[in-house]
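Observations on the three-dimensional arrangement
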Amino acid sequence: MAETLEFNDVYQEVKGSMNDGRLRLSRQGIIFKNSKTGKVDNIQAGELTEGIWRRVALGHGLKLLTKNGHVYKYDGFRESEFEKLSDFFKTHYRLELMEKDLCVKGWNWGTVKFGQLLSFDIGDQPVFEIPLSNVSQCTTGKNEVTLEFHQNDDAEVSLMEVRFYVPPTQEDGVDPVEAFAQNVLSKADVIQATGDAICIFRELQCLTPRGRYDIRIYPTFLHLHGKTFDYKIPYTTVLRLFLLPHKDQRQMFFVISLDPPIKQGQTRYHFLILLFSKDEDISLTLNMNEEEVEKRFEGRLTKNMSGSLYEMVSRVMKALVNRKITVPGNFQGHSGAQCITCSYKASSGLLYPLERGFIYVHKPPVHIRFDEISFVNFARGTTTTRSFDFEIETKQGTQYTFSSIEREEYGKLFDFVNAKKLNIKNRGLKEGMNPSYDEYADSDEDQHDAYLERMKEEGKIREENANDSSDDSGEETDESFNPGEEEEDVAEEFDSNASASSSSNEGDSDRDEKKRKQLKKAKMAKDRKSRKKPVEVKKGKDPNAPKRPMSAYMLWLNASREKIKSDHPGISITDLSKKAGEIWKGMSKEKKEEWDRKAEDARRDYEKAMKEYEGGRGESSKRDKSKKKKKVKVKMEKKSTPSRGSSSKSSSRQLSESFKSKEFVSSDESSSGENKSKKKRRRSEDSEEEELASTPPSSEDSASGSDE
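The residue after Thr208, namely Pro209, is reached through a cis peptide bond having omega -10 degrees. Note that the residue after Asp259, namely Pro260, is joined by a cis bond; omega there is 5 degrees. Assignment of secondary structure puts Pro260 in strand E20 (residues 251-264). The backbone of Gln249 shows a phi angle near 65 degrees, a positive value even though the residue is not glycine. As for its position among the elements, Gln249 is in the loop between strand E19 (238-245) and E20.

Another aspect to go through is the sheet that holds strand E30 (residues 387-394). Ordered by their spatial adjacency, seven strands build an open sheet running E28-E27-E26-E25-E31-E30-E29, and the pairing between neighbours is antiparallel. Of all strands in the sheet, those with a lone pairing partner are strand E28 (366-369) and strand E29 (373-380), marking the two edges. On average, adjacent strands in this sheet sit at an angle of 30 degrees to one another, irrespective of strand direction. Where E30 lies against strand E31 (residues 399-406), six bridges are found, and the strand directions are antiparallel. Note on E31: the bridge partner recorded for Ser387 is Glu406.

So, on to helix H5 (residues 410-419). Buried within H5 are the following residues: Tyr410, Leu413, Phe414, Phe416 and Val417. Buried residues of H5, seen end-on, are gathered within an arc of 160 degrees and therefore sit on one face of the element. Among the structural elements, strand E25 (340-344), strand E26 (347-353), strand E27 (357-361), E29, E30 and E31 are those in contact with the buried residues of H5. Where H5 terminates, the next one or two residues include Lys421, which has phi positive at roughly 60 degrees.

Pairing within the open sheet is antiparallel, and its three strands lie in the order E12-E13-E14. Only two strands of the sheet have a single partner each, and these edge strands are strand E12 (135-141) and strand E14 (161-165). When strand polarity is set aside, the average angle formed by the axes of neighbouring strands in this sheet is 15 degrees. Note: E12 against strand E13 (residues 144-149), six bridges, orientation antiparallel. In the sheet register, Val135 faces E13, and the bridge partner there is Phe149. Sheet strands in contact with helix H2 (residues 176-187) are E12, E13 and E14, and its direction is about 170 degrees off that of E12.

About the cut-offs
Residues numbered from 1 in each chain as written. Predicted model: local features only at pLDDT ≥ 70, side-chain atom pairs only at ≥ 80, totals over all residues. Heavy atoms only, no water. Helix = DSSP H or I, 4+ residues; strand = E, 2+ residues; numbered from the N terminus. Pairing = 2+ DSSP bridges. Axes fitted to C-alpha atoms, helices over the stretch in contact; angles between N-to-C directions. Buried < 20%, exposed > 50% of the residue type's maximum accessible area, 1.4 Å probe, protein only. Arc of directions from axis to C-beta. Contact = heavy atoms within 4.5 Å.

The structure is reproduced here in structure tokens:
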């Protein structure tokens with residue numbers, strides 16, 4: 001039997017990564033040398049307690065367990081080497097090399113065995129094994145246990161989390177979830193190598209992560225212990241410490257910035273925020289003797305200390321982390337506080353302007369350094385004029401908007417930002433500002449787009465031309481039609497005529513008075529109507545008018561549209577316009593000048609056609625006006641002819657009737673027939689007078705009558 005066995009190209013599994021090297025077995029023990037790092041692992045023969053041979057991904061593997069609980073895994077063996085190894089273990093180590101295959105059924109329901117490894121088994125076959133020394137966090141939920149692992153920097157991909165469902169049992173007094181968690185924590189790295197805590201702070205109120213936690217201070221890390229979750233925070237992950245007074249002056253925030261953050265499931269906490277009351281005091285005794293305290297902390301801490309709770313926590317953290325504590329500078333808001341009440345996203349909080357940055361607490365916490373800021377902006381509030389928004393954009397393009405800030409804080413915040421020489425986007429508004437918020441500027445500031453500006457100018461020109469054409473048509477209607485004027489003139493002349501042609505008959509005079517009253521009422525109604533503003537009727541665009549010329553871009557687009565469609569089949573209308581805009585912007589000046597010349601030629605043709613169109617339209621409007629005036633005169637002459645005849649007849653009748661005596665009227669009975677015929681004629685004449693009164697004479701008729 002050989003005294004030694006050597007195997008090249010053997011892989012040692014360490015924290016999920018495979019390191020190749022050389023394995024040598026001898027009477028004294030087992031030695032593995034890493035080919036990459038040169039590190040040597042030496043396992044004494046007397047320490048070996050178990051050897052297992054199993055099939056793995058890289059052929060076959062050897063798993064070794066030692067008395068002190070360490071597990072070693074080596075892969076890369078061939079199946080034919082099993083007999084050689086088994087005989088060597090029996091002869092020199094007095095161990096039986098057992099064959100034990102992994103379960104590959106794919107089931108996810110089994111039992112868990114705890115040792116140095118957590119072994120998940122189905123039946124007697126293991127499915128997978130987890131070294132508990134790699135566990136960084138163990139949290140429990142309802143019938144669930146979550147294990148989180150330390151990140152392995154040597155591996156490209158590493159396991160970070162595993163969750164186990166633990167069914168409830170009927171056993172009294174034993175919670176299977178808690179029992180599972182305790183078995184993990186007894187071997188996990190969370191508790192391992194902690195020793196005695198330097199000091200413990202009990203039941204501190206924590207805002208993120210939310211809850212009450214005991215904080216145990218250890219030499220190299222602090223341990224947060226809550227009812228549900230535990231966190232281990234190494235001091236090397238602490239970036240900054242902040243001590244911030246609350247706006248109510250009765251509480252204090254202590255903020256610890258972390259990188260990498262602590263994790264709770266999928267949630268990451270980059271800040272640990274503790275809330276203290278200023279009235280709460282504590283007496284603290286460190287779990288170290290005075291010599292160790294003096295040697296380690298060099299006077300920054302003493303064995304026995306007392307004072308406010310927030311002072312003790314911040315003092316201990318400053319000494320252990322060896323970082324300065326940041327406090328607010330000389331900024332004071334409108335109310336005298338060192339912070340500003342505002343909202344970030346959906347929650348309300350406090351914004352603290354610091355000497356070298358801004359910090360917002362508490363949900364979610366945000367810390368922005370001045371050297372990260374590209375510019376700040378003071379924007380108008382979106383919901384009310386009593387507040388404004390403070391916008392910060394970083395050099396990476398991230399934007400933070402702190403909204404609902406009282407307008408009284410504007411002057412203080414602007415002066416602070418200005419003193420820190422930060423780039424203010426709307427700086428020019430400060431000089432002319434009054435305290436009233438109505439003059440704050442909007443934060444929206446679009447980038448200059450030359451094409452967009454040109455299209456806007458063309459749209460304005462179109463609107464102006466449309467307004468000019470509507471104004472011209474309005475002038476024509478005003479000249480050709482004046483509502484109410486002609487009727488009013490006729491009514492006034494009729495009144496004078498009616499009074500001149502009054503009859504001696506009492507019945508006729510009564511009817512005339514009634515008619516006068518009706519005409520006065522009609523005139524008053526017309527006066528009221530004339531006071532009302534006439535409704536402007538917009539006329540549609542003349543289809544015969546020449547069309548406006550296209551711009552150079554539109555001419556090019558009409559000529560190039562089909563080519564763009566063929567180059568990009570299936571492109572939508574909006575995407576086509578975007579693509580055309582990009583091509584136009586990237587076009588050379590020489591090519592654009594060609595289309596500019598075409599646009600200029602089209603503009604000249606349009607101006608020439610417009611002059612011809614406007615000249616023809618002016619002559620047609622004059623002809624229309626003269627035709628309307630002639631029609632009005634013809635109508636007036638037709639109305640005046642019957643009025644003159646009727647007036648002469650009525651005057652002659654009145655004269656003849658006035659000289660008749662009573663004896664002539666009632667002379668004898670033989671004249672009764674004549675009287676009857678005269679009465680009929682008189683009734684017919686009266687009816688004719690009534691018809692004439694209902695059709696008032698025109699002004700031309702009255703003038704001609706007076707001349708006669």
